[in-house]
Amino acid sequence: MTDIAATTEAQVVDAVNGARDWKSPLNIVGNRTKRAFGCVTGSWGTVLDVSRLNGIVDYKPEELILTARPGTPVAEIVAVLAEKHQRLGFDPPDWGPLFDATANTGTIGGAISCDLNGPARVRYGAVRDHLLGFHGVNGFGEAFKAGSKVVKNVTGFDLPKLVCGGFGTLCAMTEVTLRVFPKPEFAATFVCHVPSPAAGLSVLRRVWSSPLEATGLAYLPAAAARVGLDGDVALIRLEGAAAPLEEKRVALEHLLDGHDLAEQAGGDTIFARLGSGAPFVGNALDVWRVAIPPSHADALVKALAPTLWYADWAGGMVWIGMEESGAHIHDLAVQHGGHATLVRASEATRARVSPFPPLSPERLALTRAVKAAFDPLGLFNPGRMVEGL
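Residues numbered from 1 in each chain as written. Predicted model: local features only at pLDDT ≥ 70, side-chain atom pairs only at ≥ 80, totals over all residues. Heavy atoms only, no water.

Caption draft 1: Molecular detail of the packing of aromatic side chains. Taken as a whole and assessed by the stated rule, the structure comprises 13 aromatic pairs. Their ring planes at 35° and their centres at 6.2 Å tell us that Phe-37 and Phe-356 sit as a pair that is tilted. Pair noted here: Phe-37 is in the loop between strand E2 (26–29) and strand E3 (46–49) and Phe-356 is in the loop between helix H11 (347–352) and helix H12 (361–374), with a separation of 319 residues, a long-range link. The buried category is assigned to Phe-356, whose relative accessible area is 9%. Note on Tyr-124 and Phe-181: the rings are 4.8 Å apart at their centroids and 50° apart in plane angle, and the pair reads as tilted. Taken together, the residues Tyr-124 in helix H4 (residues 121–124) and Phe-181 in strand E10 (residues 181–182) connect sequence positions 57 residues apart. Like Tyr-124, the residue Phe-181 is buried in the burial classification. The structure contains a cluster of three or more aromatic residues connected by ring pairs, namely Phe-37, Trp-95, Phe-99, Phe-167, Phe-280, Tyr-310, Trp-319 and Phe-356. Stacked on the ring of Trp-313, the Lys or Arg Arg-121 has its end atom at 4.6 Å from the ring centre. (Phe/Tyr/Trp six-rings, centres within 6.5 Å; stacked < 30°, edge-to-face > 60°. Helix = DSSP H or I, 4+ residues; strand = E, 2+ residues; numbered from the N terminus. Buried < 20%, exposed > 50% of the residue type's maximum accessible area, 1.4 Å probe, protein only. Lys NZ or Arg CZ within 6 Å of the ring centre and 35° of its normal.)

Quick look at the structure:
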């Protein structure tokens, strides 16, 4: 088969049926900003390019629902929502520059498939909480839909959650419906200088557990200089209308009484850069993200002693930069109650160290069963997440 650039769902169906006939794997791509994320797969057969399967299909601002095709750039969706003072709650970051790709070209299908969540996740939740439904084509060459186009939907299996972080291994998505959120009128970012990582992370956890509903909670040690800040700092972003935001400001000052607290200009830009891994752009470090209980973040960092690091989500997500990577990072993450993902590394490193957490025999068996139910011939992105699948 020759490479295929699909512009309609019918063309995706034809591509899958052709792959079934030829027993040829399909490498599903969008704008290719994250092709170096995941396992090394070698030659995959036919490329199914869905970047031209794009555009916003339906947008109902009054119902807080948007439907788009998977090849739609995230930047386009963000701009349309901004006109109505709305936002994507999971705050999808732009990882293109992290992989030497052009900024602001990542697609919504790629953000969902790679489970990309930015700093505001700490307040609004992950992409799996906001993908209401999708249309797709399975490995039988059948077009199907899952979920719905309403927020209150509790019937049937929750298939949308399966494709979040599935790296296109279960189906080819052709349409996605997302819940969106009102964007508060004002935002204020505060910087708190602290004497140590333990103190900074403690500050963030205190704010996280308060009623302030912060939309950004990050700690930056040496990485601070790479986003224009000095010293070890905790960053706190609060949002709201003028009067409620002022009340939050006063409450934050009381909550952190005795700490060096000041308002920081350009907070939204700083948080966007942190969510996109900006401190690692332009260097050769291997980049890891470790999801972990926030109270364990400091201990994990001490055990790893990384070259460069910072923490997001009140310490619940730790970005780690290492000169050399090894499987021990997966082991340490598990020991501290979390899991690690190798986001960026050379092909040689990704062939030696699994980018994703090793699966227990039970989870591997379940993964195989789910894959077989959606894609029995193993056509979609084989080996992208698990060897042999």
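Caption draft 2: Local environment of the pattern of salt bridges. For the structure on display, the rule yields 11 salt bridges. In this structure, Asp-268 engages Arg-237 in a salt bridge whose closest nitrogen and oxygen atoms are separated by 3.2 Å. Of the two residues, Asp-268 sits in helix H8 (residues 267–275) while Arg-237 sits in strand E13 (residues 233–240), which places them 31 residues apart along the sequence. A relative accessible area of 38% means that Asp-268 is categorised as partly exposed. A salt bridge links Lys-302 to Asp-298; the nearest nitrogen and oxygen atoms lie 3.2 Å apart. Linking Lys-302 with Asp-298, this pair stays in helix H9 (residues 297–304), spanning 4 residues, or about one helical turn. Taken together, the shared-partner salt bridges in this structure form one network comprising Arg-87, Arg-237, Glu-239 and Asp-268. (Salt bridge = Lys/Arg side-chain N within 4 Å of Asp/Glu carboxyl O.)

Purely spatial values, then, with no claim about function.
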